[in-house]
Amino acid sequence: MTSEERLQDVLARIGDAERRAKRQPQSVTLVAVSKTFDADTIRPVIAAGQRVFGENRVQESQGKWPALKEEFADLELRLIGPLQSNKAADAVALFDVIETVDREKIARALADEMQTQGRQPRLYVQVNTGLEPQKAGIAPRETAAFVEFCRDKLGLSIEGLMCIPPADENPGPHFALLATLAEQCGLQKLSMGMSGDFETAIEFGATSVRVGSAIFGNR
Ligand SMILES: *Cc1c(COP(=O)(O)O)cnc(C)c1O
């Protein structure tokens, strides 16, 4: 299968999952995760109609997306990987959505850069639902206070929550936890689900799914 065919297949599976979950058609946004793939591999997927893409590294993204954004005016680029504060300026300049806000230092750096650049990427707070020491994200029980800090102390508007469940666990309880936390915070958007579990995530209320290998092939 070509990447265009795999894209259509993923979109059809998202549609089926929306129906099964009694969700509105096209209420789930597909974020095509293009990390490690070059512009020539990404272009046919854009040509097939896909407009929202996710990358996990700022520097890698700077190498391919500015030119693609010039070619296609209506792309939306999302940062889904860990962000260091020394990259906050670059991230604010390039990304339309930053999904990995997870600590005060990075929230402050983003707030400062947004002020300086006059650019307001939409923001998600990443939650470490499995409390994995090697994984980024704020602890579940600190999430509500952190979202409040971002809003009230920094004036940041937080759009939703994002999580990456532990690779070796049933993801359902993690998706359910993220949905509960979002409700407690009054947030509508949930970024959860990857190639292996996006249909489950939709069942639990995902509003966007981040799908890489099911579209682009193995990395
Ligand atoms: C790579 C990545 C994905 C996509 O993973 P696949 O299993 O290839 O679909 C989703 N979310 C994040 C945060 C990633 O880094």
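This text follows the structure it describes.
Thresholds, definitions, all that
Residues numbered from 1 in each chain as written. Predicted model: local features only at pLDDT ≥ 70, side-chain atom pairs only at ≥ 80, totals over all residues. Heavy atoms only, no water. Core = buried A, V, L, I, M, F, W, Y, C linked by side-chain atoms within 4.5 Å. Buried < 20%, exposed > 50% of the residue type's maximum accessible area, 1.4 Å probe, protein only. Contact = heavy atoms within 4.5 Å. Near = heavy atom within 4 Å. Polar contact = N/O pair within 3.5 Å; in protein donor to acceptor, adjacent residues only side chain to side chain. Areas by Shrake-Rupley, 256 points an atom, 1.4 Å probe, with all protein chains shown as cover. Nonpolar A, V, L, I, M, F, W, Y, C, P; charged D, E, K, R; others polar. Helix = DSSP H or I, 4+ residues; strand = E, 2+ residues; numbered from the N terminus. Pairing = 2+ DSSP bridges. Right-handed = clockwise from strand over helix to strand, strands pointing away.

(A) The arrangement of the nonpolar core in detail. Of all hydrophobic cores here, the largest spans 62 residues; its most connected members are Phe53, Trp65, Ile98, Leu110, Leu161, Val209 and Ile215. Once residues within four sequence positions are removed from consideration, Ile98 is found in contact with Leu79, Leu83, Ala91, Val92, Leu110, Pro121, Arg122, Leu123 and Tyr124. In this structure, Val33, Ile80, Val97 and Met162 belong to the second largest nonpolar core, which totals five residues.

(B) Here's a closer look at the site of the ligand. Residues in close proximity to the ligand include Val33, Lys35, Ile80, Met162, Ile164, Met194, Ser195, Arg210, Val211, Gly212, Ser213 and Arg219, which together make up its full environment. A distance of 2.5 Å separates an oxygen atom of the ligand from a polar side-chain atom of Ser195. Note that an oxygen atom of the ligand is positioned 2.8 Å from one of the backbone N or O atoms of Gly212. Burial of the ligand by the surrounding chains reaches 89%, relative to a free accessible area of 390 Å². Split by residue class, the shell around the ligand holds six nonpolar, three polar and three charged.

(C) Spatial organisation of the environment of Ile46. Locating Ile46 in the fold gives a position in helix 2 (residues 39–47). Taking relative accessible area as the criterion, Ile46 reaches 0% and is therefore assigned buried. Spatially, the C-alpha atoms of Ile46 and Leu68 are 9.3 Å apart, while their sequence positions differ by 22 residues. Here Ile46 is in contact with Arg51, Phe53, Trp65, Leu68, Phe72 and Leu75, once residues within four sequence places are set aside.

(D) Quick peek at the pairing of strand 4 (residues 97–101). The buried fraction of strand 4 amounts to five of the five residues, a majority that puts the element mostly inside the structure. Summarising the sheet, strand 4 and strand 5 (residues 122–127) pair through three bridges and their orientation is parallel. For Ile98, the partnering residue across the bridge sits in strand 5 and is Leu123. Following the chain from strand 4 across helix 5 (residues 104–117) to the adjacent parallel strand 5, one finds a crossover that is right-handed.

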